[in-house]
Amino acid sequence: MKFVDVILPLALPRLLTYAVPDELQSLSMPGYRVAVQVGKKKIYAAIVKAEHNNTPSYPVKNIIYILDDKPLVHQHQLAMWEWIASYYMCSLGEVMKAALPAALKMESETEVRLSDDWEAFDKLTEAEELLINELQKKETLNLESIADIVQSKNAMPLVQRMLQKQLVVVEEHLQNPFRAKFKTLVTLHPEINSEEALNILLDKLKRAPQQEKLLITYISEVASLDFSLPHKLDRQLLLEKSGVSPAILKACVDKGVFELHKEEVSRIASSGEASNGIPFLSDAQQRAYNEIQAVFDDKQVALLHGVTSSGKTEIYIHLIEQALQQGKQVLYLLPEIALTAQLINRLKKVFGSKVGVYHSKFSDAQRVEVYQALLNNSSNMQVVLGVRSSIFLPFSSLGLVIVDEEHENTYKQQDPAPRYQARDAAIVMAVRYGAKVLLGSATPSIESYYNAITGKYGLVELFERYGNVALPEMRMVNISDLRRKKDAGFLSPLLKKEVGDALGRDEQVILFQNRRGFSPFVECRECGWIPQCEHCNVSLTYHKRTNQLVCHYCGYAMPMPHTCLACGSSELQTKGFGTEKVEEELRYIFPNATVERMDLDTTRSRTAYENIIDDFENRRTQILVGTQMITKGLDFENVSLVGVLNADTMLSFPDFRALERSFQLISQVAGRAGRRLVQGKVLVQTGAPHSEILEQLRNHDYKGMFQAQLEERQAYSYPPIVRLIKISLKHKDENVLNQAAAALARMLKDTFAERVLGPEAPMINRIQNRYIINFLLKIERSKSVERAKQLLQKCFAELSLISAFRQISITPDVDPM
């Protein structure tokens, strides 16, 4: 008897085992997606991890059936899932949830419908007849409804029997996410096979002017009518061009004028044919390219440290071309969806339909189609451009991984688990495929640069901007006096003048404010009351467009009150400024300028990103205001001025990475200025213009920043000198949480001694009605991180044995950002 261990999309501590039915005993099943019963009412799609002949010591259920005709996940992927689960301290089920498009995970309330062939069965049980009668009325039913109909607490055995007999099937959108998408095409009826036949038909239709109009539109759209070939025209296009109703088209089909045909279409946007050749490299770019090749002869990973506008993308394109000539696939990782819109246009001009895109703004059907195309090698797609989830795709011959803007913290998944770092995971994945990895950045992460100068990675430097354009002039603008003035606004006189001058020269401006919304909080002038979230210990942000106060942590929202809810005063005032307020005031100050805002609120959809970038790229927008998504690798040739409206909020953030991140963010947004023929200008508004980090920024001194930060981290034991694991405890009752934290602190300090920091409540110590307490574990590079994780898990298990603490949520975060 054969058994299989399966991965379910659930946070389970171990794999579940199922028996394999007799008819499937000969099939090698690892990687297959199978339907299994969990509990009494749930059916899930599970991935077979392993098969064996070890009979469990407990009763096991049979798998119900196989959902696909070939494995959905191959061995490279399963090995990668295991590494992520082990390294990032989570379950395989949590990795599965992150790895597969939603349509491939059957985890909703399971619904069934009648099979198309159910009428072929003449011997039905009473329960089957009863259920079929109900399905004829309602089309689909979930298991709870079925249990009520057949008056049984457990309807699963009945459904399972009916599934196996193929009387019912699992609802199609869950069972078959690979189902094709079709469009309807219109052709002339085969009997209309000559000019004479066509003229006779036109004469007949003179009494039906709408049908005649439809036929004439068809002829004009086809342009050159060759009766020996069927000319297919899209049904929707024909109706739109002719302006007639679908009923008119149906009448023409019934009369034998047209025929309708279904044709399968891809959901993956076609990139068309390549229109450009491989770009020419400058001498500096060619030297960097050659150095990368030399590094790859000796090492798996190279770090390309190239200043903004040095032409790193052109070097990437040459490396991609080389990989394709070797018959290899390429994964091009980006930190933000916003970047894909501009970059896909550049890549498709060179590589055409070989380029595919994968990210969360695509529909689930589109993501499934990309997944299937790679799994089956069924398309021309060889280059995948995507965000962090792209590392889970089923590559078969991966040869190169490019991690652009490798320093970005958006490569790190925060919540939910797995809390993986896509850059690091991509390196592990590439090793499994024997692929090379190129990390690229103008401001590398301190960890990556440390790995490069200590010899773990190869280091290639490119400090010459393309065309020898100078790096932007960076000036620090002291706004201490501005802050003391009432109603002074957020633009210093100098920045206001420079914006006006740039607009006068018909140049474009980018203004960076890393806070969305209109105002960070609202305050009562009389009593000082500030509206707080009901579920989190944080003030609500005012959004003027919706006239709501919104929590940016849990989504709670309330209408903006007219009076203070504490004292009744009508003297409510907004405090501080976000991107929405900046946008509004700029429209007032520069009424003739077109202003656009790019933040999470204005880019909820994929097309919103693309439209904002396209408008700015084509100079329909003159001033672009945004949060950090405008800092990442976008290329606009007409931008001459960049303004950072408030550097101090970033610099003063209580985190050991605050100065590094501030340097990266400001350097990156500064790099948007002067990228073609003239030197750009950057104005940074701050209350501390002479601080060390701002001097380093002014001088574009990355190495100075790196050295200063490294010395500080060596002194206080922070990465890259040590590894970190953050442990978060969460519970609804603050007292219970404090007691659990004290108990865990004793265990951790007994085990790890001075390596443990905490317990400590974070700045925002309650989110979604759960209080939070954190610990930080520091592990020396010379010590085994795997051993540390085992000891941690032992401490977690001991805490969970205490009955009062069983409801405590324990969340480890390895390599937190």
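It should be emphasised that the depicted structure is a prediction, and the values quoted were computed from it without experimental measurement.

Peer 1: Could you clarify how one ought to interpret the nonpolar core in this entry?
Peer 2: Note on soluble globular proteins: their nonpolar side chains tend to be buried together. Residues W81, I391, V401, L744 and F775 are the most contacted members of the largest nonpolar core, which totals 123 residues. No other element matches the 10 residues that helix α25 (residues 734-752) contributes to this core. If near-sequence neighbours (up to four positions away) are discounted, L744 is found in contact with I727, L729, F775, C795, F796 and L799. If you look at the next biggest cluster of nonpolar residues, it comprises 34 residues, including F296, I315, L343 and V355.

Peer 1: Teacher, can you tell me more about the sheet that holds strand β13 (residues 329-333) here?
Peer 2: Where strands meet in a sheet, backbone hydrogen bonds hold them as pairs that are either parallel or antiparallel. An order of β14-β15-β13-β16-β17-β12-β18 is seen for the 7 strands of this open sheet, with the pairing classed as parallel. Of all strands in the sheet, those with a lone pairing partner are β14 (355-358) and β18 (458-462), marking the two edges. Each adjacent strand pair in this sheet contributes to an overall mean axis angle of 20°, direction not counted. Sheet analysis places strand β12 (residues 301-306) next to β18, joined by 5 bridges and oriented parallel. Within β18, the residue paired with H305 across the bridge is E461.

Peer 1: Is there a simple way to think about the pairing of strand β1 (residues 3-7) in this case?
Peer 2: Every regular strand shows the same layout, with side chains that alternate between the two sheet faces. Most of β1 is tucked away, with 5 of its 5 residues classed as buried. Neither face of β1 is open: one carries F3, D5 and I7, the other V4 and V6, and all of them are buried. In this structure, β1 lies alongside strand β2 (residues 16-19), joined through 4 bridges in antiparallel fashion. Along β2, the bridge assignment pairs F3 with A19.

Peer 1: Looking at this structure, I do not really get the packing of helix α1 (residues 75-87) against helix α15 (residues 422-433). What am I missing?
Peer 2: Think of two packed helices as two axes; the pair is described by the angle between the axes and how far apart they sit. Running from amino to carboxyl end, α1 crosses α15 at an angle of 145°, the nearest separation of the two axes being 11 Å. Between α1 and α15 lies a crossing of right-handed hand. Where α1 abuts α15, its residues H76, A79, M80 and W83 lie against A425, V428, M429, R432 and Y433.

Peer 1: Explanation requested: unusual backbone geometry in the structure shown.
Peer 2: The omega angle of the peptide bond from D415 to P416 is -5°, so this bond is cis rather than trans. Relative to the elements of secondary structure, P416 occurs in the loop between β16 (398-404) and α15. Note the cis peptide between P719 and P720, where omega equals 15°. Residue position: P720 is located in the loop between α24 (702-716) and β30 (722-731). The phi angle at A753 is positive, at roughly 55°, despite the residue not being glycine. Inspection of the secondary structure assignment puts A753 in the loop between α25 and β31 (756-760). The exposure class of A753 is partly exposed, given its relative accessible area of 36%.

Analysis parameters
- Residues numbered from 1 in each chain as written.
- Predicted model: local features only at pLDDT ≥ 70, side-chain atom pairs only at ≥ 80, totals over all residues.
- Heavy atoms only, no water.
- Core = buried A, V, L, I, M, F, W, Y, C linked by side-chain atoms within 4.5 Å.
- Buried < 20%, exposed > 50% of the residue type's maximum accessible area, 1.4 Å probe, protein only.
- Helix = DSSP H or I, 4+ residues; strand = E, 2+ residues; numbered from the N terminus.
- Contact = heavy atoms within 4.5 Å.
- Pairing = 2+ DSSP bridges.
- Axes fitted to C-alpha atoms, helices over the stretch in contact; angles between N-to-C directions.
- Left-handed = near helix turned anticlockwise from the far one by under 90°.

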